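# Coordinate inspection notes
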Number of protein chains: 4
Amino acid sequence: MIKQKINSRMRAVFLLSIMFFLGVFWVTGSAIASESTDITLEQALVIVSAARERAEKKGILVNIAVVDAGANLMAFVRMDGAFLGSIDLAIKKARTSRLFNMSTGTLGGLSQPGEPLYNIEISNAGLITFPGGVPLKDKNGNIVGAIGVSGASVEDDHEAAMAGVAALK
Amino acid sequence: MIKQKINSRMRAVFLLSIMFFLGVFWVTGSAIASESTDITLEQALVIVSAARERAEKKGILVNIAVVDAGANLMAFVRMDGAFLGSIDLAIKKARTSRLFNMSTGTLGGLSQPGEPLYNIEISNAGLITFPGGVPLKDKNGNIVGAIGVSGASVEDDHEAAMAGVAALK
Amino acid sequence: MIKQKINSRMRAVFLLSIMFFLGVFWVTGSAIASESTDITLEQALVIVSAARERAEKKGILVNIAVVDAGANLMAFVRMDGAFLGSIDLAIKKARTSRLFNMSTGTLGGLSQPGEPLYNIEISNAGLITFPGGVPLKDKNGNIVGAIGVSGASVEDDHEAAMAGVAALK
Amino acid sequence: MIKQKINSRMRAVFLLSIMFFLGVFWVTGSAIASESTDITLEQALVIVSAARERAEKKGILVNIAVVDAGANLMAFVRMDGAFLGSIDLAIKKARTSRLFNMSTGTLGGLSQPGEPLYNIEISNAGLITFPGGVPLKDKNGNIVGAIGVSGASVEDDHEAAMAGVAALK
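The following paragraphs examine the structure supplied in this document. (Residues numbered from 1 in each chain as written. Chains lettered and ligands numbered in written order. Predicted model: local features only at pLDDT ≥ 70, side-chain atom pairs only at ≥ 80, totals over all residues. Heavy atoms only, no water.)

### Comments concerning unusual backbone geometry
Located in the positive-phi region is N101 of chain A, a residue other than glycine, with phi close to 55°. Tracing the backbone through its elements, the reader meets N101 of chain A in the loop between α3 (86-100) and α4 (104-110). Positive phi, normally seen in glycine, also occurs at N119 of chain C, with a value near 65°. Positionally, N119 of chain C belongs in the loop between α4 (104-110) and β3 (133-137). According to the relative accessible area criterion, N119 of chain C is buried, its value standing at 16%. (Helix = DSSP H or I, 4+ residues; strand = E, 2+ residues; numbered from the N terminus. Buried < 20%, exposed > 50% of the residue type's maximum accessible area, 1.4 Å probe, protein only.)

### A closer look at helix α3 (residues 86-100) of chain D
All names here are of chain D. The end-to-end C-alpha distance of α3, which contains 15 residues, comes to 21 Å, matching closely the 21 Å that a straight helix rising 1.5 Å per residue would cover. Every buried residue belonging to α3 is among S86, I87, D88, L89, A90, I91, K92, K93, A94, T96, S97 and R98, and all of these are buried. Positioned one or two residues after α3, N101 has a phi angle of 50°, which is positive. (Expected span 1.5 Å × (residues − 1).)

### Some points on the pairing of strand β4 (residues 143-150) of chain C
Residue and element names in this part refer to chain C. Summarising burial for β4: eight of the eight residues are buried, a large majority. The sheet contact formed by strand β1 (residues 63-68) and β4 spans six bridges and is antiparallel. Looking at the pairing, V66 lines up with I147 of β4. Turn length for the β3-β4 hairpin, with the two strands adjacent in sequence and antiparallel, is five residues, and the turn residue G141 shows positive phi of about 90°. (Pairing = 2+ DSSP bridges.)

### Focus: the packing of helix α2 (residues 41-58) of chain D against helix α5 (residues 154-166) of chain D
Residues and elements named next belong to chain D. Contact geometry of α2 with α5 gives a least axis separation of 7 Å together with a crossing angle of 140°. Between α2 and α5, the angle is such that the two are oblique. Relative to α5, the crossing made by α2 is right-handed. Two secondary-structure elements touch here, α2 through I47, A50, A51, R54 and K58 and α5 through D156, E159, A160, A163 and G164. Tallied by class, residues from the contact of α2 with α5 come to five nonpolar, one polar and four charged. (Axes fitted to C-alpha atoms, helices over the stretch in contact; angles between N-to-C directions. Parallel < 35°, antiparallel > 145°, perpendicular 65-115°, else oblique. Left-handed = near helix turned anticlockwise from the far one by under 90°. Contact = heavy atoms within 4.5 Å. Nonpolar A, V, L, I, M, F, W, Y, C, P; charged D, E, K, R; others polar.)

### Things to note about the side chain of T129 of chain A
All names here are of chain A. Mapped onto the fold, T129 is located in the loop between α4 and β3 (133-137). Here T129 falls in the buried class, since its relative accessible area comes to 10%. Reaching out from T129, the side chain makes a polar contact with the side chain of E121 at a distance of 2.6 Å. If sequence neighbours within four positions are ignored, T129 has contacts with T104, G105, L107, G108, S111, I120 and E121. (Polar contact = N/O pair within 3.5 Å; in protein donor to acceptor, adjacent residues only side chain to side chain.)

### What about α3 of chain A?
With 12 of its 15 residues buried, α3 of chain A lies for the most part within the structure. Taken residue by residue, α3 of chain A has S86, I87, A90, I91, K92, K93, A94, T96, S97, R98, L99 and F100 of chain A as its buried positions.

### A closer look at the interface of chain C and chain D
At the junction of the two partners, chain C supplies 22 residues and chain D supplies 28 residues. Taking both sides of the interface into account, the surface hidden between chain C and chain D amounts to around 1,900 Å²; carbon and sulfur atoms contribute 67%. Put simply, chain C and chain D have zero salt bridges between them. Linking chain C to chain D there are six residue pairs in polar contact (both at pLDDT 80 or more). Mapped onto the side of chain C that touches chain D, the elements with two or more residues apiece are α1 (8-32) and α3 (86-99) of chain C. (Buried area = accessible area lost by both parts, 1.4 Å probe. Salt bridge = Lys/Arg side-chain N within 4 Å of Asp/Glu carboxyl O.)

### Quick look at the pattern of salt bridges
Applying the stated rule across the entire model yields 32 salt bridges over all chains. The residue K58 of chain C makes a salt bridge to E159 of chain C at a minimum N-O spacing of 2.9 Å. One end of the pair, K58 of chain C, is in helix α2 (residues 41-58); the other, E159 of chain C, is in helix α5 (residues 154-166), with 101 residues separating them in the sequence. Note on K58 of chain C: relative accessible area 34%, which makes it partly exposed. Residues D157 of chain C and K93 of chain C are paired through a salt bridge, measuring 3.2 Å at the closest nitrogen-oxygen approach. Of this pair, D157 of chain C sits in helix α5 while K93 of chain C sits in helix α3, and the two are 64 residues apart along the sequence. In this pair, the class of D157 of chain C matches that of K93 of chain C, namely buried. Counted as one network, the salt bridges with shared partners bring together R54, K58, D156 and E159 of chain A.

### Things to note about the relation of the copies chain C and chain D
When chain C is brought onto chain D, the operation consists of a screw motion whose angular component is 93° and whose axial shift is 0.5 Å, with 0.1 Å RMSD remaining. These values place the two chain copies in the arrangement generated by a four-fold rotation axis. (Least-squares fit on C-alpha atoms with pLDDT ≥ 70 in both.)

### Section: the packing of aromatic side chains
What describes a pair of aromatic rings is the distance from one ring centre to the other and the angle between the planes of the rings. Tallied over the full model, the rule gives two aromatic pairs over all chains. Here F100 of chain A and F83 of chain B contribute two aromatic rings whose centre-to-centre distance is 5.7 Å and whose plane-to-plane angle is 65°, an arrangement assigned as edge-to-face. Residue F100 of chain A is located in helix α3, and its partner F83 of chain B is located in the loop between β2 (73-78) and α3 (86-100); the two belong to separate chains. Both residues of the pair, F100 of chain A and F83 of chain B, count as buried. (Phe/Tyr/Trp six-rings, centres within 6.5 Å; stacked < 30°, edge-to-face > 60°.)

### So, the pairing of β2 of chain B
Most of β2 of chain B sits inside the fold, with six of its six residues counted as buried. Taken together, the five bridges between strand β1 (residues 63-68) of chain B and β2 of chain B define a ladder with antiparallel strand orientation. Note that in β2 of chain B the partner of V66 of chain B across the bridge is A75 of chain B. Between β1 of chain B and β2 of chain B, which pair antiparallel in sequence order, lie four residues; one of them, A71 of chain B, sits at a positive phi of approximately 65°. By the bridge criterion, three bridges tie β2 of chain B to strand β2 (residues 73-78) of chain C in an arrangement that is antiparallel. The residue bridging A75 of chain B from the neighbouring strand is V77 of chain C, located in β2 of chain C.

On their own, these measurements won't tell you what the molecule is for.
Structure, rendered in structure tokens:
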């Protein structure tokens, strides 16, 4: 019924790979969970600053949000002149990314018409599934939160978010 | 994007068939309604356990929800490490399945772009229409509730849900 | 029901005491955070069972919800015949209790007309501030989640919740 | 705490005075509006830092939000260990304060049972009317945004918010 023109075997392999790596990260995470399971405000501010610097360098105006391991807002800034409508987008991107432990763009690939997670956006009081949200991992690979960036093209948003991710050592 | 070339007459026939059988089930259901119209907590817990065992056997981490004949939450468990975003998905899958008395995947086929129930997900405070939600029937075939599973691939979610369905004798 | 004629000086002392102990618990919690910061499903199910047994012994019909340290739903059961409207109440009680690290009844005392937190219920997509929600602590005193019970009198709901709390060793 | 036995004539006078001064500020504000009508991110971050320093000095754990002249979120931080439920409270306090151009505590006095603005909290997708939200004014007295602080006693929240206000020169 759900006609899918991507060959479905390839997609299954892709999905299984994601699941596998999520599983690996999860086990790893559980094993080391005793060390650090959440982000601190200091870390969140460093992450936000790194994303903001990248945005300034690229000359884009964005909103930047960081959520913790519980998907709760930890830090947020809106650059002067950035879209007002992107406040909610940035926060929802960060939240979405942590709720499903993957980048929002990856989830968005799975939520297209005909794809396995079509219209998942309606759940969890609203998800955003285009690029700009990325999980944050500590040095052990544990997911400790997520960053969401919104205001420019989705590619630029994602790039700024990745700069934030890279700042968490 | 995913254009569906099934000819629309076939689809109409298919839909009418569904409607017819729904009608039959409805009448049947009404006739025996005096015997048992709802699930009990004991049954719900057995169903949840069966779905969970299947998930454990497959090595997947899922959220499992059971709703009663009124589509109201009856039992829920989240396996340690399962997606936080799947709490809402599992509950919405169970609810969706009971609201329309079919598996969520079946409904999802009808809600794709160009299909008869396009964007039905926006109704009822949010539906989930990809696989993982399945109606629960008593031994007389009456629908007495539904189960929703979320956290792994939609195929695996559906399989775990079916294990729950099978546990209700 | 929760009419409070406590004079305002006593209340101030009470509030300061709460803040102090919250502070103590927090520091303690942070110090030991490396050991165990969240509840497991096994623990959640033991807690739910204990609350349910108490309810059965008292002959009351309740909904029981357990949330984890991130205030996300972990386990839920509704006893046969319990109020449908209490599904949401039980979940919101558990959530409220974890969001503010105190029992819902305590928060309810502070949210009455003329009290410091009047109408706080409007926040966080809806809080429930009458008794029945209680934080869950591990053996080190860390808050690792909360339980919410709803369906009977608020006193009985609270008692059943406390039975759940006691079951977490 | 905010019990007010002020007789109702005095209250009317008080209300009219507020309205009058609001009117004055409004005209004044409009006249100079061409100069600076909004807060910048740099200013917002200075304000947040000042509120945070005060909180650290007092040993309290709070969430701090700053909204601009349009009542839209501009900056937010949550101190490690601050109530999760106060994320929404801090943002709503800042928003409420800017929406009505007065401190949330002042509005809260007017929203008590029997008072002129009873249950105003239900409006605007949820207001918070206990202390901790304060308007931000530029050097000309124009309201350019608001700050909201939540996590400690309402008096301490308000004090930290005032420290933020004082940082905007």
